[in-house]
Amino acid sequence: MRRLRNVKIVATLGPASNDYDTIRALHEAGADVFRLNMSHGSHDEIRERHRIIRQVEKDLESPIAILADLQGPKLRVGVFGNDAEDLEVGADFRLDLDPAPGDISRVCLPHPEIFAALEPGARLLVNDGKIRLIVKDCGQDFANCTVEVGGTISNRKGVNVPDVVLPLAALSAKDRDDLEFVCQLGVDWLALSFVQRAKDVFEARALADGRASILSKIEKPAAVEAFDDILDASDGIMVARGDLGVELPVSAVPPIQKRLVRKCRGAAKPVIVATQMLESMIESPMPTRAEVSDVATAIYEGTDAIMLSAESAAGSYPIEAVQTMNKVAIEVEADPTYTQIIAASRTAKGHSVADGIVAAAREIAEKTDIKAICCFTQSGTTALLTARERPGVPIIAMTPATGTARRLCLSWGCHCVMTPELERFKGAVVNAARAARAGGFASEADQIVVTAGVPFNVPGTTNILRIAPCDERLIYNTDPG
């Protein structure tokens with residue numbers, strides 16, 4: 001299904017979007033990737049959503065990527081005898097391992113690993129930072145704190161610890177079970193929550209064992225500090241601005257977002273900008289102007305994808321939210337300023353033959369009347385390198401591998417087309433011309449750029465660039481092989 005934009009849209013499924021008609025309508029409205037949030041929903045519910053997505057994919061003959069988002073280690077306080085207490089600024093408050101119900105002076109924090117890492121002066125943020133505690137002194141089983149920002153603290157509220165790297169595994173026992181479950185189902189991407197260092201990614205990659213690509217969510221200060229190593233270890237990145245905006249000053253998030261998107265582009269790895277993009281559309285059919293500007297900013301930065309969370313999972317207007325994102329993307333990408341920004345932020349990377357081929361393909365396409373770049377790719381690498389160039393013409397990613405076509409649904413500008421395995425380059429050129437015409441990218445009178453690697457069906461062999469006519473008669477008359 002051809003999109004009239006390059007940026008991709010990720011839509012989270014949930015109670016508001018768990019039936020065939022809605023999921024199909026979301027895809028037709030513009031959703032390229034569906035996110036299954038493993039923090040919500042049973043395995044049976046996740047299995048059913050997965051089945052419906054694959055049915056929609058089959059019915060519409062349109063590749064769809066499925067992203068399973070693992071919950072990660074959730075840190076929460078225990079319960080209170082009165083269910084909640086009001087903490088006043090300047091008051092003392094103790095966190096400890098005692099499971100007894102809490103009161104105005106203390107509550108259980110059942111995570112000894114936190115106490116092992118805390119130091120005096122560290123901050124503890126409760127309930128998305130609405131309550132802020134400063135550690136005065138601490139030991140292996142307690143932390144005596146001063147309330148810096150007060151408010152109501154209630155049962156099982158979340159706790160963020162921004163100032164220290166916690167000795168926590170990125171995968172809990174639940175995450176390991178969920179990972180194996182979704183890999184057996186056949187998801188395309190695994191999102192890891194609360195990644196702090198590259199070794200968190202290595203653990204998930206070993207468990208996935210090639211069955212899904214690994215996407216790291218950047219939502220902790222430690223992950224920002226170790227970003228280069230995390231990026232090297234990952235197949236993709238999500239800038240998860242929710243927890244990032246809790247653990248860091250909110251004013252720090254926009255420049256961090258820009259830096260991370262730029263680095264991902266340079267590394268030819270997909271990046272998603274997520275969280276609260278159209279938050280008001282959970283309850284309203286219209287977004288705020290500020291939300292539209294936020295979505296537009298991410299697109300101007302050249303991000304691969306923008307994401308809806310509760311807007312499509314639990315909101316009253318899931319289809320309208322996707323339609324809004326789609327319209328904003330089309331409008332932004334038609335703006336001449338967008339082209340200028342993308343070109344100005346393009347950085348040359350790599351010195352391989354494949355790097356040279358895709359750079360040349362982009363330059364030729366933009367300086368002549370070329371209608372599309374058709375790249376044949378087995379593993380997806382050639383398409384990712386082409387997407388890194390952010391060319392001014394569509395990218396048709398042609399592959400015989402279903403998994404590759406699905407994974408590339410997350411990558412900027414890639415229109416994925418399934419093709420049979422090929423033995424001769426002439427056959428590849430013919431298939432590319434047919435795909436360009438069938439998708440409405442070009443007419444018989446137009447030309448396209450074709451990139452491929454010989455021998456075929458071997459990853460990492462991109463070594464041919466051909467300017468080809470879309471008229472098959474001309475291909476047969478002029479191509480020697």
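Look above for the structure.
Since we're looking at a predicted model, the values are computed, not measured. Residue positions within a chain follow its written sequence, with the count starting from 1. It should be noted that, the model being predicted, local features are given only for residues of pLDDT at least 70 and side-chain atom pairs only at 80 or more, the latter also being counted only at that level, while totals for whole chains, interfaces and linings use all residues. As a rule here, side-chain values cover all heavy atoms of the structure and leave hydrogens and water aside.

**Student:** Looking at this model, I keep getting lost on the packing of aromatic side chains. Mind explaining?
**Tutor:** Ring pairs (aromatic) are described by centroid distance and by the angle formed between their planes. Think of it this way: a Phe, Tyr or Trp ring, Trp meaning its six-membered ring, pairs with another when their centres are within 6.5 Å, and the plane angle makes it stacked under 30 degrees, edge-to-face over 60, tilted otherwise. Summed over all chains, the structure comprises one aromatic pair. The interplanar angle of 55 degrees and the centroid separation of 6.2 Å between the aromatic rings of Tyr-300 and Tyr-338 together place this pair among those described as tilted. Taken as a pair, Tyr-300 in helix H10 (residues 289-300) and Tyr-338 in helix H13 (residues 336-344) lie far apart in primary sequence, 38 residues in all. Judged by its relative accessible area of 4%, Tyr-338 falls in the buried class. By the criteria applied, helices consist of DSSP H or I runs no shorter than four residues and strands consist of E runs no shorter than two, each listed in order from the N terminus. Burial classes follow relative accessibility: with a 1.4 Å probe on protein chains only, a residue under 20% of its type's maximum area counts as buried, one over 50% as exposed, and anything between as partly exposed.

**Student:** Would you take a moment to explain the pairing of strand S3 (residues 65-69) for this structure?
**Tutor:** On a regular strand, each side chain points to the face opposite its neighbour's, so the side chains alternate between the two faces of the sheet. Counting buried residues in S3 gives five out of five residues, a clear majority hidden from the surface. Judged from the five bridges that link them, strand S2 (residues 33-37) and S3 form a sheet pairing that is parallel. Residue pairing across strands places Leu-36 opposite Ala-68, the latter belonging to S3. With helix H2 (residues 43-60) bridging S2 and its parallel neighbour S3, the resulting β-α-β unit is right-handed. One requirement defines pairing of two strands: DSSP has to find at least two bridges between them. In this structure, S3 lies alongside strand S12 (residues 189-192), joined through three bridges in parallel fashion. Paired with Leu-67 across the bridge in S12 is Trp-189. For a crossover, the right-handed case is the one in which the path from the first strand over the helix to the second runs clockwise, viewed with the strands pointing away from the viewer.

**Student:** Help me understand the sheet that holds strand S19 (residues 414-418), please; the structure alone is not making it clear to me.
**Tutor:** Backbone-to-backbone hydrogen bonds pair the strands of a sheet. The strands run either parallel or antiparallel. Taking strand neighbours across the sheet as the criterion, the five strands line up as S19-S18-S17-S20-S21 in an open arrangement whose pairing is mixed. The open sheet has two edge strands, S19 and strand S21 (462-469), and neither has a second partner. On average, adjacent strands in this sheet sit at an angle of 25 degrees to one another, irrespective of strand direction. Pairing analysis gives four bridges linking strand S17 (residues 370-376) to strand S18 (residues 395-399), with the strands arranged parallel. The partner of Cys-374 across the bridge, within S18, is Ile-396. Note on definitions: a residue-residue contact is assigned when non-hydrogen atoms from the two residues lie within 4.5 Å. Whenever a helix is involved, its axis is fitted only over the stretch in contact; in every case the axis is a line through C-alpha atoms, and angles between N-to-C directions fall within 0 to 180 degrees. In the packing of helix H15 (residues 381-388) onto the sheet, contacts are made with S17, S18, S19, strand S20 (447-453) and S21, and the angle to S17 comes to roughly 145 degrees. Sheet contacts for helix H17 (residues 425-438): S17, S18, S19, S20 and S21; angle to S20, the most-contacted strand, approximately 135 degrees.

**Student:** Any chance you could explain the environment of Ser-216 here in plain terms?
**Tutor:** Here Ser-216 shows up in strand S13 (residues 213-218). Taking the C-alpha atoms as reference points, Ser-216 and Val-353, 137 residues apart in sequence, are found 29 Å from one another. Sequence-distant contacts of Ser-216, defined by excluding residues within four places in its chain, comprise Leu-192, Val-195, Val-201, Ile-230, Ser-234, Gly-236, Ile-237 and Met-238.

**Student:** Honestly, the packing of helix H4 (residues 173-185) against helix H5 (residues 198-208) in this entry has me stumped. Any pointers?
**Tutor:** The description of two packed helices rests on the angle between their axes and on the distance between the axes. Contact geometry of H4 with H5 gives a least axis separation of 10 Å together with a crossing angle of 45 degrees. Relative to H5, H4 is oriented oblique. Judged by the twist between their axes, the crossing of H4 over H5 is right-handed. Only Glu-203, Ala-204, Leu-207 and Ala-208 of H5 make contact with H4, whose side of the interface consists of Arg-176, Leu-179, Glu-180 and Cys-183. Broken down by class, the residue content of the contact of H4 with H5 amounts to five nonpolar, no polar and three charged. Under this scheme an angle from 65 to 115 degrees is roughly perpendicular, one under 35 degrees roughly parallel, and one over 145 degrees roughly antiparallel; angles in between are oblique. Each helix crossing is assigned a hand: it is left-handed if the near helix lies turned anticlockwise from the far helix by less than a right angle, otherwise right-handed if that turn is clockwise. Here the term charged refers only to Asp, Glu, Lys and Arg, the term nonpolar to Ala, Val, Leu, Ile, Met, Phe, Trp, Tyr, Cys and Pro, and the term polar to all other amino acids, Gly among them.

**Student:** Just checking my understanding: could you explain helix H1 (residues 20-29) for this structure?
**Tutor:** Think of an α-helix as turning once every 3.6 residues; residues three or four places apart then point the same way. Inspection of H1 places Thr-22, Ile-23, Leu-26, His-27 and Ala-29 among the buried residues, and these make up the whole buried set. Viewed end-on, H1 has its buried residues packed into an arc of 165 degrees, placing them on one side of the element. On its buried side, H1 packs onto strand S1 (8-13), S2, H2 and helix H12 (318-333). The residue sitting at the N-terminus of H1 and contributing the capping side-chain oxygen is Asp-19; that oxygen lies 3.2 Å from the backbone nitrogen of Asp-21. An arc is given here, and it is the one of the directions from the helix axis to the C-beta atoms. Contacts described as polar in this section are N or O atom pairs within 3.5 Å, which, within protein, must combine one atom able to donate a hydrogen with one able to accept it, while residues neighboring in sequence count only if both atoms come from side chains.

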